[in-house]
Structures are given as C-alpha cells and as structure tokens.
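# Understanding the architecture of this molecule
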Amino acid sequence: GDSVTQMEGPVTLSEEACLTINCTYTATGYPSLFWYVQYPGEGLQLLLKATKADDKGSNKGFEATYRKETTSFHLEKGSVQVSDSAVYFCALSGYSSASKIIFGSGTRLSIRP
Amino acid sequence: GAVVSQHPSRVICKSGTSVKIECRSLDFQATTMFWYRQFPKQSLMLMATSNEGSKATYEQGVEKDKFLINHASLTLSTLTVTSAHPEDSSFYICSANPGGNQPQHFGDGTRLSIL
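Residues numbered from 1 in each chain as written. Chains lettered and ligands numbered in written order. Predicted model: local features only at pLDDT ≥ 70, side-chain atom pairs only at ≥ 80, totals over all residues. Heavy atoms only, no water.

## A short note on the state of the cysteines
This is how it is decided: Counting rule for disulfides: a pair of cysteine sulfur atoms within 2.5 Å. A run of DSSP states H or I qualifies as a helix once it reaches four residues; a run of E qualifies as a strand once it reaches two. Both are numbered from the N-terminal end. For every residue, the accessible area (1.4 Å probe, protein chains only) is compared with the maximum for its type, and the residue is labelled buried under 20%, exposed over 50%, or partly exposed between those bounds.
Under the criterion given, the structure shown has 2 disulfides over all chains. Sulfur-sulfur distance for the disulfide between Cys23(A) and Cys90(A) comes to 1.9 Å. The S-S bond linking Cys23(A) to Cys90(A) shows a torsion near -70°; that makes this disulfide left-handed. Placement of Cys23(A) in strand S4 (residues 23–26) and of Cys90(A) in strand S10 (residues 86–93) is noted, with a sequence separation of 67 residues between them. Two residues share a disulfide in this structure: Cys23(B) and Cys94(B), whose sulfurs sit 2.0 Å from each other. Handedness here is read from the sign of the S-S torsion; for Cys23(B) and Cys94(B), about 80°, the answer is right-handed. You can see Cys23(B) sitting in strand S3 (residues 19–25) and its partner Cys94(B) sitting in strand S9 (residues 90–96), a full 71 residues away along the chain. On the basis of relative accessibility, which here comes to 0%, the residue Cys23(B) falls in the buried class.

In structure tokens:
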C-alpha cells in the first residue's frame, strides 16, 4: 500500500542554518503531496503542497518539489528561525474527498538561538 | 479558506465517563471526515473514516463500540469515547477534505485526559 517515509528526528540546528528534511513516498497513481507542521500543543497546519510532478510548494520560506523520478518531496529552508521549532509531517493523499491521508512519522525540529 | 472546527479543545473527566467530540466543516460540505489519535511524540494514527449517512469505516485494531462515530449531516461528525479509561487519554484530531486536490483541513485537536 501507499506509504511515506521521512527523516527521523529530532533535528537540532542553530538559527540561520539551512534545513533539509527528507521525505520519500510509495504510491499507486499520482498522489498529492503535503507538508504539515504541528507546533507544541496545537493541531496540524498545512505548510505547503504539490499536486503533480515537478510542482514546487512554498510557504514561509519553506520549499518542497514533487520529484516523481525519485519519489521524493524533501522540505528545505535556507535560514531557519527559532519560531520554526515544531514537528513536521510529510503526507500524501489521493484526489477524492474520500481519500485517506497517509502521514510520515514526523520529524521534530528544534532551533537554537 | 476552508476551515474545520473541533470542540472541545480540552476535556478532563473521571474514568467511566463518556466524552463526545465534535468536528465541523465551516464553509464546505464534507461527506467524509477522518478521526485520528496522536500519542505523545508520535505521528497521527487514523482511527476511522466517518461517512455521512452511513456507518463509519474503522481501521484495524480500533474498537467500534469504544469509539462511536456519527456523521449525521454534511458538516458535522462526532466521536464519542464511551466509558473512557485512563488509557484512552490522548490527543484526538479530525480532518475533512473539500476534494478536488484540496488538502485535508484539520481541526485544532482535543486533548482528552481521563483521571
């Protein structure tokens, strides 16, 4: 079945460092890909998405490109801030409103001032 | 944009109490909603798919009689944790998808604590 594998955490970086969180997927068909962020004690927020191959999702300085050839959707940011500390989830879903969303295990990111 | 509202945000109850959690889609109709459970420092585990006007579809290992789901309208699904015990304490999150390549929209979650 469909699955998402993402980089295990925790990841600890200094402020202004570069960030990459790896995510790869296996799926039949052509899923949409997402990154969600969960701040401490809160629910999930959509960070960015891509719906087809070569699409680049971007938001708040984060980017991820839908790479069909490598089945990847790595999350990147050029300069992280303390406020980026959170848990990041890579996910995939089908087109239909009835499609389940499949999450990766989550990567906890901590940014030191 | 599309919003999903979940209520209550936090519940503290005695063991044996039944607790109802509501999930509403505020500006779109959702024939399907999803209920997740999240243990501390873990990913979200899909518990069940809530289907408007029909029975919910439960994931393997999830007790139907323990976690009752009702999806009586196109904008509301409820999860009732029946006769809750301390091991049911967790963070419960619902989501709904407007469809058409739109992302899932999540509620803010309900933190359930059973004493």
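## Overview of the interface of chain B and chain A
To keep it simple, the criterion reads: In what follows, residue pairs with any heavy atoms lying within 4.5 Å of each other are defined as contacts. Throughout, buried area stands for the accessible area (probe radius 1.4 Å) lost by two parts on being put together, summed over both. Here, a salt bridge means any side-chain nitrogen of Lys or Arg that lies within 4 Å of a carboxyl oxygen of Asp or Glu. Residues adjacent in sequence count toward polar contacts only when both atoms are side-chain atoms; beyond that, a polar contact is any pair of N or O atoms within 3.5 Å, and within protein one must be able to donate a hydrogen and the other to accept it. Think of it as three bins: nonpolar holds Ala, Val, Leu, Ile, Met, Phe, Trp, Tyr, Cys and Pro, charged holds Asp, Glu, Lys and Arg, and polar takes everything else, Gly as well.
On the side of chain A, 24 residues touch chain B, which itself brings 26 residues to the contact. Across the chain B/chain A interface, buried area totals approximately 1800 Å², and carbon plus sulfur atoms make up 53% of it. At the junction of chain B and chain A, the tally comes to 1 salt bridge. Across the salt bridge formed by Lys100(A) and Glu59(B), the nearest N and O atoms sit 3.0 Å from each other. Applying the counting rule to chain B against chain A returns 5 residue pairs in polar contact (both at pLDDT 80 or more). At the level of secondary structure, the elements contributing two or more residues to the side of chain B that touches chain A comprise strand S4 (32–38), strand S5 (44–51) and S9 of chain B. The leading source of residues in the side of chain B that touches chain A is S4(B), at 4 residues. Grouping the constituent residues of the side of chain B that touches chain A by class yields 9 nonpolar, 13 polar and 4 charged.

## So, the sheet that holds strand S7 (residues 67–73) of chain B
Residues and elements named next belong to chain B. Formally: Strands are treated as partners if at least two bridges between them are detected by DSSP. Axis lines are fitted to C-alpha atoms, over the contacting stretch for helices. Their N-to-C directions set the angle, which ranges from 0 to 180 degrees.
Taking strand neighbours across the sheet as the criterion, the 4 strands line up as S1-S3-S8-S7 in an open arrangement whose pairing is antiparallel. Strand pairing shows two members of the sheet lacking a second neighbour, strand S1 (4–7) and S7, which therefore form its edges. Adjacent strand axes in the sheet meet at a mean angle of 15° when their direction is disregarded. Relative to strand S8 (residues 76–81), S7 runs antiparallel, the two being bridged by 5 bridges.

## Things to note about the environment of Leu68(B)
Residues and elements named next belong to chain B. Structurally, Leu 68 can be placed in strand S7. On the accessibility criterion, Leu 68 (40% relative accessible area) is partly exposed. If we skip the residues at most four places from it in the chain, Leu 68 touches Tyr 58, Thr 78, Leu 79, Thr 80 and Thr 82.

## Brief notes about the nonpolar core
The cut-off we apply is this: Residues grouped as a nonpolar core are buried Ala, Val, Leu, Ile, Met, Phe, Trp, Tyr and Cys residues, joined through side-chain atoms within 4.5 Å.
By size, the foremost hydrophobic cluster in this structure holds 26 residues, and its most contacted members are Trp35(A), Leu47(A), Leu48(A), Phe73(A), Leu75(A) and Tyr88(A). In terms of residues, this core owes the most to one element, S10(A), which gives 4 residues. Not counting residues up to four positions away in its chain, the partners in contact with Leu47(A) are Trp35(A), Tyr36(A), Val37(A), Asn59(A), Lys60(A), Phe62(A), Leu75(A) and Tyr88(A). Phe67(B), Leu79(B), Ala96(B) and Ile114(B) belong to the second largest nonpolar core, which has 25 residues in total.

## A few points about the sheet that holds strand S9 (residues 75–77) of chain A
To summarise the sheet geometry, strands pair through backbone hydrogen bonds and adopt either a parallel or an antiparallel arrangement. Residues and elements named next belong to chain A. Here we have 4 strands laid out as an open sheet, ordered S3-S9-S8-S7, and antiparallel in their pairing. Every other strand in the sheet has two partners, leaving strand S3 (19–21) and strand S7 (56–59) as the edge strands with one partner each. Here the average twist between neighbouring strands, direction ignored, is 15°. Direction of pairing for S3 relative to S9: antiparallel, over a ladder of 3 bridges. The residue bridging Thr 20 from the neighbouring strand is Glu 76, located in S9.

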